[in-house]
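# Observations on chain architecture
If you want the building blocks of each chain, they are given just below.
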Amino acid sequence: MAGGAALFAPPASASSFGPISVRPDDIRYPDLVRGDNHRFVGTPDVVRLVGSTDQVVRAVSEAMRAGKRIAVRSGGHCFEDFVANPSVRVVIDMSPMNGVYYDTSRGAFAVEAGATLGEVYETLFKGWGVTLPAGAWPTVGAGGHILGGGYGMLSRRHGCVVDHLYGVEVVVVDASGTARTVVATREPDDPNRDLWWAHTGGGGGNFGIVTRYWLGPELPRPPATLLYSSLVWPWSGLNEAAFSRLLHNFGTWYERNSAPGSPYTGLFSGMGVPHRSSSGGVVVGTHFDAATPDAARLLADYHAALGDGVPLQPFVTGPTPMPWLYAASWRGGGDGDLIARRFKFKAAYLRKGLSDGQIATAYRYLTTPDYHNPNALFVMIGYGGQVNTVAPSATAVAQRDSAIKSAYQVYWADPAEDDRHLTWIRTFYRDMYASTGGVPVPDDTTDGSYINYPDADLADLRWNTSGVPWHTLYYKDNYPRLQRVKARWDPRNVFQHTLSIRA
Ligand SMILES: Cc1cc2nc3c(=O)[nH]c(=O)nc-3n(C[C@H](O)[C@H](O)[C@H](O)COP(=O)(O)OP(=O)(O)OC[C@H]3O[C@@H](n4cnc5c(N)ncnc54)[C@H](O)[C@@H]3O)c2cc1C
């Protein structure tokens, strides 16, 4: 194991920070009571910025004594109001606890919950030349991301982040209301192993507060260089037939090229289609491990397959070589803009590409002249590969044979427009899954949704008429086991939100 000595131990700064309490009269308060989604702004009595596990234990103990509801925030990227909820009185903000180091005592890499993915990528790569197959957004927090499963640029080759999770350090609250720290690992004889398992995809805010993850012992080496490319078929040249062909081609390609041994496991690519009121079109952004044998030809074949039968040439950028860390740290787009920070996401795992009927529905919603929003889009992201080598019960991530993750996204700025944008995305999603009660039930074409893309509508009978409960959509057969873990480790249901696990 190579790397700088300073990186081998917990950074001294971690324990010397804080705690700091931020109350409503503090200039820091407006920043600390919201996350990335400005639809939700909390009103806690205090935000506790913590720098060590002991400080988390103390902050939780104090909140318990005062009878105040707690929520934890790490990177603040939650789609829903799980943290910024009016009932939450104490927010424990993990962001100062952001160390990333090699822990010789555990023989694994330690990632503190407050580290962002960008910090994780940089330290792991500069220190050891390794990485995690985690998300493609550097400001997402490890705290909420990892325990929800975590996937990204390298997942087709290296699986989900939790496939590399060795252990967790968690602050839990027992039946007497006492907060304490527990370490749970995947070791077969670990008496706390069930708590480790629940953190391999069970989702945030359920069992306690994760202070530290251990990953490894070995971690994947990322490609030295990626080939970046983008193809754009502009709306101005697209009719419904060409649009349909593009979406059909994308689905078919992933159905055929998402097996674990595919030469394309080094490829990460997504198709994004903004509403026609945007100046864009159907965009496919791709990066591909440049060291893949015959990479240039494979990439050209991929591009050709996507455009097959489409009577319109795309605008092509690249392929352009890009070094790994630069690409992994890039925060260039796809996140709305500074002002349009209210958003709603919905998602679905796809075992197969979209049906003709679904493509027609997508075309209708993405071109309707009744709705105008350049920041409304439909996305499909290539998935599968190594992810699908893991048994559905081995981790809490039950979806292990999908080829695509799809996402519906809408961003806007003005609260007065909430209804308009929410109606567009809700009815779009409902109509896409009209034959299965408005949601992507586990069947031979869809497989529920991803808890790191939480959508409270799945628990709302107005939007989910399938008879399949929200927890089956997220966890499938793993839910009863998660309930048992919840009963054991959070018997007082201290950690709860709209989609939290019920014991
Ligand atoms: C712009 C954007 C890009 C994204 N890209 C990807 C991607 O490429 N791949 C992917 O898999 N996901 C992606 N996501 C989803 C992301 O993984 C989830 O939103 C994740 O939960 C965010 O974690 P966080 O710590 O930033 O968020 P937070 O809002 O801090 O937390 C999210 C949830 O986890 C809980 N939580 C946070 N910290 C802890 C902790 N220490 N212990 C216990 N519970 C905790 C919170 O209470 C909350 O319920 C993206 C999200 C956004 C907004």
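Further up the page is the structure itself.
Owing to the predicted nature of the structure, the values given are computational and were not obtained by experimental measurement.

Bringing the sheet that holds strand 3 (residues 70-73) into the picture now. The sheet built from four strands is open, its strands ordered 1-2-4-3 with mixed pairing. Edge positions in the sheet fall to strand 1 (20-22) and strand 3, since each has one partner strand and no second. Sheet twist, expressed as the average angle between the axes of neighbouring strands with direction ignored, equals 25°. Of the strand pairs in this sheet, strand 3 and strand 4 (residues 90-93) are connected by four bridges, and their pairing is parallel. Bridge pairing in strand 4 links V72 to I92.

Let us look at the pairing of strand 4. Because side chains alternate across strand 4, one face comprises the buried residues V90 and I92, and the other comprises V91 and D93, equally buried. Pairing of strand 2 (residues 46-49) with strand 4 involves four bridges; the strand directions are parallel. Across the sheet, V46 pairs through a bridge with V90, a residue of strand 4.

The local shell around the ligand holds 32 residues, among which V72, S74, G141, Y151 and Y450 are the closest. If the ligand stood free it would expose 940 Å²; the protein chains cover 94% of that surface. Of all the elements in the fold, those that place two or more residues in the shell around the ligand are strand 3, helix 5 (142-146) and strand 9 (209-215). The dominant element in the shell around the ligand, judged by the number of residues it contributes, is helix 5, at three residues. For the shell around the ligand, a count of residues per class yields 15 nonpolar, 14 polar and three charged.

For the rest of this paragraph, the subject is the nonpolar core. Membership of the largest hydrophobic core comes to 127 residues, with the highest contact counts inside it found for F243, L247 and Y302. The element contributing the most residues to this core is helix 8 (residues 240-256), with seven residues. Leaving out residues up to four positions away in the same chain, L247 has contacts with M271, V273, L354, I359, F378 and M380. Among the nonpolar cores identified, the runner-up in size contains 21 residues, and A59, V60, M94 and A179 belong to it.

Another aspect to go through is empty space enclosed by the protein. Overall, the coordinates contain four cavities of 30 Å³ or more when judged by the stated rule. If you add up the space inside the largest cavity, you get close to 70 Å³. In this structure, the largest cavity is lined by G35, D36, N37, F40, R73, G76, C78, E80, V83 and A84. Looking at side-chain class alone, the lining of the largest cavity contains four nonpolar, three polar and three charged residues. Counted as a void, the second largest cavity has a volume near 50 Å³. Surrounding the second largest cavity, G148, G201, Y349, A396, V397, A398, Q399, S449, Y450, I451 and Y474 form its lining.

Further remarks concern unusual backbone geometry. Looking along the chain, the bond that leaves G216 and enters P217 is cis, with omega of 15°. The topology assignment puts P217 in the loop between strand 9 and strand 10 (225-234). Located in the positive-phi region is K476, a residue other than glycine, with phi close to 50°. Of note, N493 is a non-glycine position whose phi angle comes to about 50°, a positive value. Position of N493 among the secondary structure elements: in the segment after helix 14 (479-489).

Conventions adopted
- Residues numbered from 1 in each chain as written.
- Predicted model: local features only at pLDDT ≥ 70, side-chain atom pairs only at ≥ 80, totals over all residues.
- Heavy atoms only, no water.
- Pairing = 2+ DSSP bridges.
- Helix = DSSP H or I, 4+ residues; strand = E, 2+ residues; numbered from the N terminus.
- Axes fitted to C-alpha atoms, helices over the stretch in contact; angles between N-to-C directions.
- Buried < 20%, exposed > 50% of the residue type's maximum accessible area, 1.4 Å probe, protein only.
- Near = heavy atom within 4 Å.
- Areas by Shrake-Rupley, 256 points an atom, 1.4 Å probe, with all protein chains shown as cover.
- Nonpolar A, V, L, I, M, F, W, Y, C, P; charged D, E, K, R; others polar.
- Core = buried A, V, L, I, M, F, W, Y, C linked by side-chain atoms within 4.5 Å.
- Contact = heavy atoms within 4.5 Å.
- 1 Å grid on protein atoms, 1.4 Å probe; cavity = no way out; pocket = protein on both sides within 12 Å on 5 of 7 lines; lining within 4 Å.
- Points joined across faces, edges and corners; volume = space filled by probe spheres on them.

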